[in-house]
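# Residue-level structure breakdown
Spelled out, the chains give:
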Amino acid sequence: MKMRLKLLTKAILAVGLLFSFPVLLQAQSDSDAKAPATRTYAVKNATIVQAPGKVIEGGTVLIKDGLITAVGKNVTVPAGTFEIDGSDMFVYPGFIDGLTHNGVKSYENPERPRDLKPNNPPNNIAGITPENTVLDNIDLGAKAMEDMRKAGFTVAQVAPQGRMLPGSNAVILYADKATSDQLVLKNNSALFAQFQGGQGVYPGTVIAVMAKWRELYTNAENQMQNESVYASNSTGINRPTKNRTLEAFYPIINKQYPITFHAADQLDVRRALSLKDEFGFDLVIANMKDGWGLINDIKASNAKVLLSMDLPEEKEASKDAKDEAKAREERRAEFYNKYVSQAAEYEKAGIKFGFSSLSGNASSLKKNLRIMTENGLSETAALTALTTTPAEMLGLSNRIGSIDQGKIANLVISTGNYFSKDSDVRYVFVDGIMYEYEARPAKANGGGPAAEIDGRWNYKTETPMGSSEGELNFTNNNGSYEGTMTMPMAGPDPLPLSNIEVDGPNLSFDISMNMGGQTIGLTISGTVTGNEFKGMMDTGQFGSFGLTAVKNPGNSK
């Protein structure tokens with residue numbers, strides 16, 4: 001009961017405080033998992049992107065009992081098949097998230113013993129539990145899994161939450177199943193590690209984590225050798241003591257599977273590479289954000305890479321900034337450009353990579369992928385990083401990653417090119433189960449007279465648990481909009497808006513903030529009619545809620 005109360009408290013603190021109301025933990029899914037009498041489906045007359053660079057125009061995909069049974073232009077559809085008209089739609093292989101915590105229960109700090117020695121704590125207190133498996137902590141009802149599926153992701157390598165060595169990963173399907181075992185495509189796919197020390201105990205610093213790593217790995221090598229000697233001839237030799245923590249390193253030493261190191265910045269990447277060079281294990285650098293100066297190091301190391309799908313927010317330079325502030329803004333803009341063009345640079349360098357949503361938000365993934373393609377990443381390379389490359393990294397190319405006969409029926413069907421701004425995911429198949437999503441309504445009068453949004457607006461959000469109020473302020477600077485929004489419990493200062501777009505009466509904008517160390521991103525979109533706005537506020541994994549606003553009569557700024 002205590003653990004469940006802690007989980008509830010965390011969810012409320014993370015988002016609920018933003019609007020002074022608790023958010024429902026189990027929101028209604030906006031998809032509909034279809035279970036018709038037949039398990040045979042056909043998607044007809046569609047543009048089928050069978051694999052990156054391999055396209056079939058006006059083709060058909062036939063699915064039966066969870067598998068792809070035919071794909072091509074001249075496919076015979078048997079009687080009794082549930083048919084989908086794919087005209088004007090694109091069909092892609094289901095996307096693969098290289099590493100994530102989505103669908104994994106929150107980490108809980110273990111209770112500390114009264115006689116705890118901070119310089120020599122038990123392994124579980126120090127965050128060292130590599131013998132654990134993520135399958136023990138899968139949350140079958142997690143809305144984050146549904147949100148990722150809606151974004152087109154059908155498979156993910158999930159990692160346990162924790163600190164230095166929380167356990168091993170697993171590859172799972174984002175499907176509705178009764179047990180976590182039914183989701184598993186591959187257990188023990190990798191060992192998860194990060195440079196995050198214990199809380200108030202050894203190893204508490206990065207240097208200490210590195211030292212502890214060397215100690216554990218060396219001890220594991222020695223114990224494995226001792227066990228091998230004992231197994232070959234045990235006469236006169238003391239039986240080696242069993243140590244499950246060290247045994248968890250055996251598959252790494254034997255190169256049965258890799259270590260996925262969460263290394264977002266360049267320092268952590270270099271630390272992971274140095275450990276790989278020292279011990280020779282197979283390495284996957286996961287959720288890498290700023291690795292643009294490491295291309296040669298990555299190539300030399302032979303390490304695999306999962307780039308982060310999380311991007312920083314673009315901020316426009318202020319025209320009235322002083323010299324010092326202007327220099328800071330120029331440096332910020334320079335680094336922003338490096339972030340958004342990093343994937344393109346890795347493509348040019350010939351480095352294969354997948355993607356990771358370890359620090360991303362499902363609601364922003366499609367937009368961020370589009371930003372990457374707008375900054376030099378080819379759509380073919382982007383699709384490769386979402387499909388065939390992660391399938392290869394995970395050793396599952398024979399089952400997922402492309403639309404081929406005999407493979408698992410994991411598909412993404414969008415209303416047009418997935419990477420275009422106006423397309424929507426319409427259907428997703430996971431393990432042959434169909435999920436249907438409502439497409440966004442067409443923009444009314446888009447391109448007509450632009451709504452006049454200048455000025456102050458009083459807004460109200462409507463949620464299942466009540467309402468919250470605040471103020472919006474928009475300023476038109478020669479056709480380019482700036483704006484702010486006040487948020488209850490987010491501090492007294494208004495927060496800046498980004499990506500403000502006005503298309504006829506349609507208005508949309510983004511806002512992000514930091515609460516308790518977690519970045520929360522919101523997208524508000526709707527329609528302006530005169531001095532009234534009516535729309536929705538998308539909070540990502542926490543659901544969508546209604547938002548209305550009325551312009552102040554004085555229209556003062």
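All values derive from a computational prediction rather than experimental measurement.

In terms of regular secondary structure, the chain is built from 12 helices and 26 strands. Counting across all 557 residues of the chain, residues that qualify as buried make up 50%. Accessible area for the chain stands at about 26100 Å²; split by element, carbon and sulfur atoms hold 47% of it.

This paragraph deals with unusual backbone geometry. Cis rather than trans, the peptide bond between Y202 and P203 has omega equal to -5 degrees. Although it is not a glycine, N45 sits at a positive phi angle of roughly 60 degrees. Of note, N45 is situated in strand β2 (residues 40-51). Judged by relative accessible area, which is 44%, N45 ranks as partly exposed. One non-glycine residue, D65, lies in positive phi territory at about 50 degrees.

Let us look at the sheet that holds strand β7 (residues 95-100). Strand order in the open sheet formed by 8 strands is β7-β8-β9-β10-β11-β12-β13-β14, with mixed pairing between adjacent strands. Two strands close off the open sheet at either side, each with one partner strand: β7 and β14 (353-356). The sheet shows a mean angle of 30 degrees between the axes of neighbouring strands, direction not considered. With 4 bridges joining them, strand β12 (residues 283-288) and strand β13 (residues 304-308) adopt parallel strand pairing. Bridging across to β13, I285 finds its partner in V305. Running at roughly 175 degrees to β12, helix α7 (residues 266-279) makes contact with β11 (259-262) and β12 of the sheet.

Okay, the packing of helix α4 (residues 206-232) against α7 next. Across the interface, α4 lies against α7 with an axial gap of 12 Å and an inter-helix angle of 25 degrees. By the angle between their directions, the pair α4 and α7 is classed as roughly parallel. In the crossing of α4 with α7, the sense of the turn from one axis to the other is right-handed. On α7, the residues touching V206, M210, W213, R214, Y217, T218 and E221 of α4 are R271, S274, L275, E278 and F279. Of the residues assigned to the contact of α4 with α7, the class counts are 6 nonpolar, 2 polar and 4 charged.

Walk down a regular strand and you will see the side chains alternate between the two sheet faces. A large share of strand β8 (residues 153-158) lies buried, amounting to 6 of its 6 residues. For β8 and strand β9 (residues 167-173), the ladder comprises 4 bridges, and the chain directions are antiparallel. Within β9, the residue paired with A156 across the bridge is I172.

Turning our eyes to something else, we now look at helix α3 (residues 143-150). Most of α3 is tucked away: 7 of the 8 residues are buried. Among the residues of α3, those classed as buried are K143, A144, M145, E146, D147, M148 and R149. The secondary structure elements touched by the buried residues of α3 are β7, β8, β9, α10 (362-374), β16 (425-430) and β17 (433-436). Note on α3: the residue one or two positions beyond its end, G152, has a positive phi of about 110 degrees.

This part covers the pattern of salt bridges. For the structure shown, the criterion picks out 21 salt bridges. One salt bridge in this structure joins R370 and E374, with 3.6 Å as the shortest N-O distance. Of the two residues, R370 and E374 are both situated in helix α10; the distance of 4 residues between them amounts to about one turn of the helix. A salt bridge links E469 to K460, with the shortest nitrogen-to-oxygen separation between them at 3.7 Å. By relative accessible area, which is 30% here, K460 ends up partly exposed. Through salt bridges that share partners, E146, R149 and D176 make up one connected network.

Take the packing of aromatic side chains next. Both the distance between ring centres and the angle between the ring planes are used here to describe each pair of aromatic rings. Evaluation of the coordinates by the stated rule reveals 20 aromatic pairs. When the centroid spacing of 6.3 Å and the interplanar angle of 55 degrees are considered together, the rings of Y92 and F95 count as tilted. Residue classification places Y92 among the buried residues on the basis of a relative accessible area of 3%. In this structure F95 comes out as buried when scored by relative accessible area, which is 0%. By the ring-pair criterion, three or more aromatic residues cluster together here, those being F195, W213, Y217, F249, F261, F279 and F281.

On the secondary structure map, S498 appears in strand β22 (residues 498-503). Each C-alpha atom, one on S498 and one on S508, is 9.4 Å from the other, the two residues being 10 residues apart in sequence. For S498, the contacting residues outside a window of four places in its chain are E313, F509 and D510.

Within the largest apolar cluster, 96 residues are counted, with the highest numbers of intra-cluster contacts made by W213 and F355. With 6 residues, α4 is the single largest residue contributor to this core. Beyond its immediate chain neighbours, meaning those up to four positions away, F355 contacts D97, G98, L99, L306, L307, M309, L369, M372, L377, A382, A385 and L386. By size, the runner-up hydrophobic cluster in this structure holds 25 residues, among which are A451, Y459, M485 and L497.

Attention now goes to the environment of W213. Within the fold, W213 resides in helix α4. Of the residues examined, W213 reaches a relative accessible area of 0% and is grouped as buried. In the structure, W213 is positioned 10 residues away from P203 in sequence and 9.7 Å away in space, judged by C-alpha atoms. Once residues within four sequence positions are removed from consideration, W213 is found in contact with M164, L165, A193, F249, I259, F261, L275 and F281.

What counts as what
- Per chain, residues are indexed from 1 in the order of the written sequence.
- Whole-chain, interface and lining totals are the exception, using all residues; otherwise, since this is a predicted model, local features are given only for residues with pLDDT of at least 70 and side-chain atom pairs are given and counted only at 80 or more.
- Hydrogens and water molecules were not included; the side-chain quantities draw on all heavy atoms of the structure.
- Strands are runs of DSSP state E lasting at least two residues, helices are runs of H or I lasting at least four, and both sets are numbered from the N terminus onward.
- Three exposure classes are used, based on accessible area relative to the maximum for each residue type with a 1.4 Å probe and protein chains only: buried under 20%, partly exposed in between, and exposed over 50%.
- All accessible-area figures derive from a Shrake-Rupley calculation using a 1.4 Å probe, and residue coverage is judged against the displayed protein chains alone.
- Two strands pair under a simple rule: DSSP has to find at least two bridges between them.
- Note on method: axes are straight lines fitted to C-alpha atoms, helices fitted across the in-contact stretch only, with angles between N-to-C directions ranging 0 to 180 degrees.
- Two residues form a contact once any of their heavy atoms are found within 4.5 Å.
- With respect to orientation, any angle under 35 degrees is reported as roughly parallel, any angle over 145 as roughly antiparallel, any angle of 65 to 115 as roughly perpendicular, and every other angle as oblique.
- Rotating anticlockwise by less than a right angle from the far helix to the near helix defines a left-handed crossing, while the corresponding clockwise rotation defines a right-handed one.
- For this scheme, ten residues count as nonpolar: Ala, Val, Leu, Ile, Met, Phe, Trp, Tyr, Cys and Pro. Four count as charged, namely Asp, Glu, Lys and Arg, and the remainder, Gly too, count as polar.
- Salt bridges are counted wherever a side-chain nitrogen of Lys or Arg sits within 4 Å of a carboxyl oxygen of Asp or Glu.
- Two aromatic rings from Phe, Tyr or Trp, using only the six-membered ring of Trp, form a pair when their centres are within 6.5 Å; if the ring planes differ by under 30 degrees the pair is stacked, by over 60 it is edge-to-face, and anything between is tilted.
- Only buried residues count toward a nonpolar core. Its members are Ala, Val, Leu, Ile, Met, Phe, Trp, Tyr and Cys residues joined through side-chain atoms within 4.5 Å.

Nothing here speaks to function; it is all geometry.
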